[in-house]
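So you can see what is in the structure, the chains are spelled out below.
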Amino acid sequence: MPAAGSEGEEGLAGEQPGPGTPKLCGYLQKLSGKGPLRGFRSRWFVFDPRRCYLYYFKGPQEPLPLGHLDIASSCFSYHQPEAGAAASGDELTAFEVHSPGGAVTVLKAATRQDTTYWLQELQQKRWEYCHNLDSRTSPTPSDFSKGLVAKDNPDISILNQNASAERARNILAVETSPTDLVGEQAASQPAPVQGSAINFSLKQWSTEIKNSMSSLRKGSNDNRRSIFYTTEEWELLDPTPKDLEDSMALEEKRKHLAEGSKGLTSSAFPFDFGRIPHKARRPLKDMIGSSKNRTSSDSSPTECCSGNGNRLLSELQLKYQSQQEELEKLKKDLLSQKELVRLLQQTVRSSQYDKYFASRLCEGVPKDTLELLHQKDDQILGLNNQLEKLNLEKDSLQQEVKNLKCKVGELNERLGMLMETIQAKDEVIMKLSRQLSECEDSTSSQSGAINSPTATCSNKELQELDRLKDNLQGYKTQNKFLNKEILELSTLRRNAEAREREWQAKYTSLEAKLCQIESKYLILLQEMKTPVCSEDQSPASEVITQLLEDALKAEPNEQPEQAFFKPHLVSEYDIYGFQTIPEDDDEEKLVAKSRALDLRSLSLSENREISTGVKWENYLASTMNREMMRCVELKNLIRSGIPHEHRSKMWKWCVNLHVKKFKDSAVPGYFQILLQKALEKPNPASKQIELDLLRTLPNNKHYSSPTSEGIQKLRNVLLAFSWRNPDIGYCQGLNRLVAIALLYLEQEDAFWCLVTIVEVFMPRDYYTKTLLGSQVDQRVFKDLLSEKLPRLHSHFEQYKVDYTLITFNWFLVVFVDSVVSDILFKIWDSFLYEGPKVIFRFALALFKYKEEEILKLQDSMSIFKYLRYFTRTILDARKLTAIAFGDLNPFPLRQIRNRRAYHLDKVRLELTELEAIREDFLRERETCTEKRDLISDDEEDS
């Protein structure tokens, strides 16, 4: 009976599991292909509850899915074997997913228990998704989230469930538990071995290539596998273990045969008959026959030679032997002639030397010297003769080695013949043994059948009865599931029809409202067209007032029994706690409401593409049994945005990555020690910290009042940091950095996040009193803007617009309160992983996003006014990210460092000059009585 699987969430990449809903994932085999290539291929399946999609990957470590199944619009049934196919135990674990359009996907689990579990879980997920289709507004905080957002209770309206339908579903439910091949723990296990040899999909060839490149970047050392192309489903397949074993055995056999025939192939001819003794020679026909036995499948059988062919072959052999003998004789004669020539040449050289020595050297040479020369000459001749003897010995030894090699070849051939004989005898013995055992078995079975025919029939009947009982239990379970499936599909159909009726009523109501508004606008235009000369209030003003009230008026509350769904498209607060619609300004209310609806529209349109959450969950599942490390795949995932439920874990990991050396050198409980010092003995920064607490993020509900939980945490982190870094103490801007960090991190992690930003990412003097590093970065940004966006830079220069007055705050607080919250947290995701270069990227991307709109403005006042609010009109985070990390490349960090160093010297020189002017002014004031009463604001504060 079919079964299925899911498993409790083991925690994200090693964390302890929370009390949340188990995650449905695991191995299944998917039927694909046609003809002889049709078969089941192992795939890793992950269910995405956000869209009710079942994604399938080639393996748990792959970043991109091969495809998905829309579970919300599908129904399930058990798979029946095709007509003519023999039923097997494996077919009982297969089930079908019927998708819209008539597509049928056949999946198979490893066991019946897993099949049942998968079907029950998919059925339940579909029920939950479709039953609450319109009640979902935003993702709920994960059980693994930390910080302030983890404590939020989102305003989600849950529909009242049909009591009778739920009761029937519970009665028909089949309780079962999954095996080890289902759930996140299955990612660390090898995939089940499939019968098919094909496991590479070319149907999604681009995804396969991306996954392959990703695995190469991760440095995987997997062995290369042989692959071949197929026409069905465009798949490349890995060889099965059996095929690999067979090919290895055949290769080893060929290697041994090659080594055994080395003696034969050393000659220039395939068969060196001249070197084989007559008794050991084998006819060519016998050699061909033995080669067939050795290779077992290399060539087809050879025809037997005729009598004339044998005589011709023997004549050729005799002729070849006689020619070989003549050749050997000629070789010996040639060697003797060469030796004779060599001796004659030596005699001639000796006589010439004696003649020269007697005629030239003997004149006027002492007798003793002459005798010594004769002795040396004799020694040289002796050594030459000895060398010649040694050369002859070497030649004889080489010839002996050659003869020994020939003998070794002959012995190898004889050994091969003996092995073939032994093998043939072994085969005969085995054949006779099998025949003997078959005869004994047939004799014993006949005697047993004669003695006890009743017992055999009884055993067969019992086995058949057990099989029928198993089938009956399986059919009962299948019938239970299918009844539940019919019930659920009927309920879902009725719900869909009711929802459609509600949508039609809603659409009709909105269309009527639109017609009323259009008629009012038409009246307004007609009134505006007619001039009014009286001092009384014109009807146009009344129409305008009425239109404004209608626009700001909230939607009427609907009775629960009349409304089937409640969309909640715009809530009071977003998922991060930021207020979506302000309460004071009417015009700003309309703008904020429009912005929130645009964001909702963008989020709905993004659902059409592959879920980022599924990519993240698959990646984190692959890191369960290994430490997470920096890699290109992780960087690309972070750039696309960390899902809300994983952001706490990833931010903490990024912070620990950058401050590991600080934390290792710190004493245990370092943060608590600093906090205790700050509470016992306030420092000079405490007063300013208290003043800025409520001014940090007043539009966020976690920091909106003195009793908010975020206020106390914010105070603790800022006080602890002021004691850690007394050179900075506190600077306006640090409070906003900590406030954003506290939304996803606990107090101590937020403290180390601030240390990462101030002491690791940013240059020195970035948050000091002079803000030296911040001033330097503004000049670097000007250079980059002139290089990356020259038209916009020239436009600003033409109208003398100092845009650094706007961008200065971007860099100081990393875009807090400058962009919409969704974009802000995506920027922070990349910022905490890659560092401060991300700020330059996104600052340029914001200007490039609205470049054309800015170029249309033709005066400095309108340009500056537009720059003050244009960033909050940018809502498409995907487009902005593509500009920041794609269109602005190349973006080397070395360039930013070099320009920082260049501008740092210039700014320091300017500050030195300003300090000198200030000192001159102070000296002049002391000497001049008229200026003695003038003091600066800084002096007054001090």
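**Comments concerning the nonpolar core**
And then number 1: Counting residues in each nonpolar core, the largest one holds 119 residues, and the members touching the most others are L734, Y767, F815 and F847.
And then number 2: The biggest single contributor to this core is helix 25 (residues 837-849), with ten residues.

**Focus: helix 1 (residues 112-131)**
And then number 1: If you check helix 1, its first and last C-alpha atoms are 28 Å apart, about what 20 residues at 1.5 Å a residue would give, namely 28 Å.
And then number 2: Within helix 1, 16 of the 20 residues are buried, which leaves the element mostly enclosed by the surrounding structure.

**Points about the pairing of strand 2 (residues 39-48)**
And then number 1: With respect to burial, strand 2 is a largely interior element, ten of its ten residues being buried.
And then number 2: As defined by bridge partners, strand 1 (residues 25-32) adjoins strand 2 across eight bridges and the pair is classed as antiparallel. Across the sheet, residue G26 finds its bridge partner in strand 2, namely F45.
And then number 3: When strand 2 meets strand 3 (residues 53-57), the two strands line up antiparallel, connected through five bridges. Bridging across to strand 3, W44 finds its partner in F57.
And then number 4: Between strand 2 and strand 3, which pair antiparallel one after the other, the connecting turn spans four residues, and C52 there sits at a positive phi close to 60°.

**Details of the sheet that holds strand 3**
Hydrogen bonds along the backbone pair up the strands of a sheet, which may run parallel or antiparallel.
And then number 1: Pairing within the open sheet is antiparallel, and its seven strands lie in the order 4-3-2-1-7-6-5. Each of the sheet's edge strands pairs with one partner strand only, and the pair in question is strand 4 (67-70) and strand 5 (75-78). For this sheet the average axis-to-axis angle between neighbouring strands, irrespective of direction, equals 35°.
And then number 2: Packing against the sheet, helix 12 (residues 612-622) makes contact with strand 2 and strand 3, and its axis sits at approximately 110° to strand 2.

**Examining the packing of helix 23 (residues 804-813) against helix 25**
And then number 1: One way to put it is that helix 23 packs onto helix 25 with a least axis distance of 10 Å and a crossing angle of 145°. Here helix 23 runs over helix 25; the crossing is right-handed. The segment helix 23 lies against helix 25, with T807, W810 and F811 engaging I839, F840, A843, L846 and F847.
And then number 2: Here the contact of helix 23 with helix 25 is built from residues that sort into seven nonpolar, one polar and no charged.

**Some points on the pairing of strand 6 (residues 94-98)**
Residues in a regular strand point their side chains to alternate faces of the sheet.
And then number 1: In terms of burial, strand 6 is largely enclosed, as four of its five residues are buried.
And then number 2: As paired strands, strand 6 and strand 7 (residues 104-108) are joined by five bridges and run antiparallel to one another. Counterpart to F95 in the pairing with strand 7 is L107.
And then number 3: Between strand 6 and strand 7, which follow one another and run antiparallel, lie five residues, and G101 among them has a positive phi close to 90°.

**With respect to the packing of aromatic side chains**
And then number 1: Using the criterion set out here, one finds 30 aromatic pairs in the structure.
And then number 2: Residues F781 and Y803 carry aromatic rings whose centres are separated by 6.2 Å and whose planes lie at 75° to one another, so their mutual orientation is edge-to-face. Taken together, the residues F781 in helix 21 (residues 772-788) and Y803 in the loop between helix 22 (790-798) and helix 23 connect sequence positions 22 residues apart. In terms of burial, F781 and Y803 fall into one category: buried.
And then number 3: An aromatic cluster of three or more residues is present, and its members are F781, F796, Y803, W810, F811, F815, F840, F847, Y866, Y869 and F870.
And then number 4: Positioned above the aromatic ring of F662, the side-chain terminus of R724 is 5.4 Å from the ring centre.
And then number 5: Note that K879 overlies the ring of Y849, its terminal NZ or CZ placed 4.6 Å from the centroid.

**Focus on the pattern of salt bridges**
And then number 1: All told, the structure shown has 19 salt bridges when counted by the stated rule.
And then number 2: Between R639 and E834 there is a salt bridge; the shortest N-O distance is 2.8 Å. One end of the pair, R639, is in helix 13 (residues 632-639); the other, E834, is in helix 24 (residues 821-834), with 195 residues separating them in the sequence.
And then number 3: On the basis of relative accessibility, which here comes to 16%, the residue R639 falls in the buried class.
And then number 4: For the salt bridge of R918 with E915, the shortest nitrogen-to-oxygen distance reads 3.8 Å. Taken as a pair, R918 and E915 lie in helix 29 (residues 893-927) at a separation of three residues, close to a single helical turn.
And then number 5: Here the salt bridges share partners, and the residues they tie into one network are E339, R342 and E388.

**Focus on unusual backbone geometry**
And then number 1: Cis geometry marks the peptide bond from N889 to P890, where omega comes out at 0°.
And then number 2: Looking at the element boundaries, P890 is found in the loop between helix 28 (877-887) and helix 29.
And then number 3: Phi is positive for D765, close to 65°, though the residue is something other than glycine.
And then number 4: Within the fold, D765 resides in the loop between helix 20 (747-761) and helix 21.
And then number 5: We note that F815 has phi near 70°; this positive angle belongs to a residue other than glycine.
And then number 6: With respect to the helices, strands and loops of the structure, F815 is situated in the loop between helix 23 and helix 24.

**So, the packing of helix 12 against helix 13**
And then number 1: At a closest axis distance of 11 Å, the pairing of helix 12 and helix 13 adopts a crossing angle of 150°. Taken together, the axes of helix 12 and helix 13 are roughly antiparallel relative to one another. By crossing handedness, the relation of helix 12 to helix 13 is classed as left-handed. Along the contact surface, helix 12 presents K615, W616 and Y619, while helix 13 presents E633, L634, L637 and I638.
And then number 2: Class assignment of the residues belonging to the contact of helix 12 with helix 13 gives a composition of five nonpolar, no polar and two charged.

**Some points on the confidence of the model for the protein chain**
And then number 1: Per-chain confidence: the protein chain averages 75 in pLDDT, with 67% of residues scoring 70 or above.
And then number 2: The secondary-structure element of the protein chain with the lowest mean pLDDT is strand 9 (residues 235-236), recorded at 36, while helix 25 shows the highest, at 96.

**Brief notes about a nonpolar patch on the surface**
And then number 1: On the surface, L415, M419 and I422 cluster together into a nonpolar patch covering about 300 Å² of accessible area.
And then number 2: Position of M419 relative to the elements: it lies in helix 8 (residues 367-451).

**As for helix 13**
And then number 1: For helix 13, the set of buried residues is E633, L634, L637, I638 and R639.
And then number 2: At the exit of helix 13 stands G641, carrying a positive phi of roughly 110°.

**What about the environment of T421?**
And then number 1: Along the chain, T421 turns up in helix 8.
And then number 2: Residue class for T421 comes out partly exposed when judged on its relative accessible area of 38%.
And then number 3: A polar contact is formed between the side chain of T421 and the backbone oxygen of M417, at a distance of 2.9 Å.

Calculation criteria
Residues numbered from 1 in each chain as written. Predicted model: local features only at pLDDT ≥ 70, side-chain atom pairs only at ≥ 80, totals over all residues. Heavy atoms only, no water. Core = buried A, V, L, I, M, F, W, Y, C linked by side-chain atoms within 4.5 Å. Buried < 20%, exposed > 50% of the residue type's maximum accessible area, 1.4 Å probe, protein only. Helix = DSSP H or I, 4+ residues; strand = E, 2+ residues; numbered from the N terminus. Expected span 1.5 Å × (residues − 1). Pairing = 2+ DSSP bridges. Axes fitted to C-alpha atoms, helices over the stretch in contact; angles between N-to-C directions. Contact = heavy atoms within 4.5 Å. Left-handed = near helix turned anticlockwise from the far one by under 90°. Nonpolar A, V, L, I, M, F, W, Y, C, P; charged D, E, K, R; others polar. Phe/Tyr/Trp six-rings, centres within 6.5 Å; stacked < 30°, edge-to-face > 60°. Lys NZ or Arg CZ within 6 Å of the ring centre and 35° of its normal. Salt bridge = Lys/Arg side-chain N within 4 Å of Asp/Glu carboxyl O. Parallel < 35°, antiparallel > 145°, perpendicular 65-115°, else oblique. pLDDT = per-residue confidence, 0-100. Patch = residues over 30% accessible without salt bridge, like charges linked within 9 Å, V, L, I, M, F, W, Y side chains within 5 Å. Areas by Shrake-Rupley, 256 points an atom, 1.4 Å probe, with all protein chains shown as cover. Polar contact = N/O pair within 3.5 Å; in protein donor to acceptor, adjacent residues only side chain to side chain.

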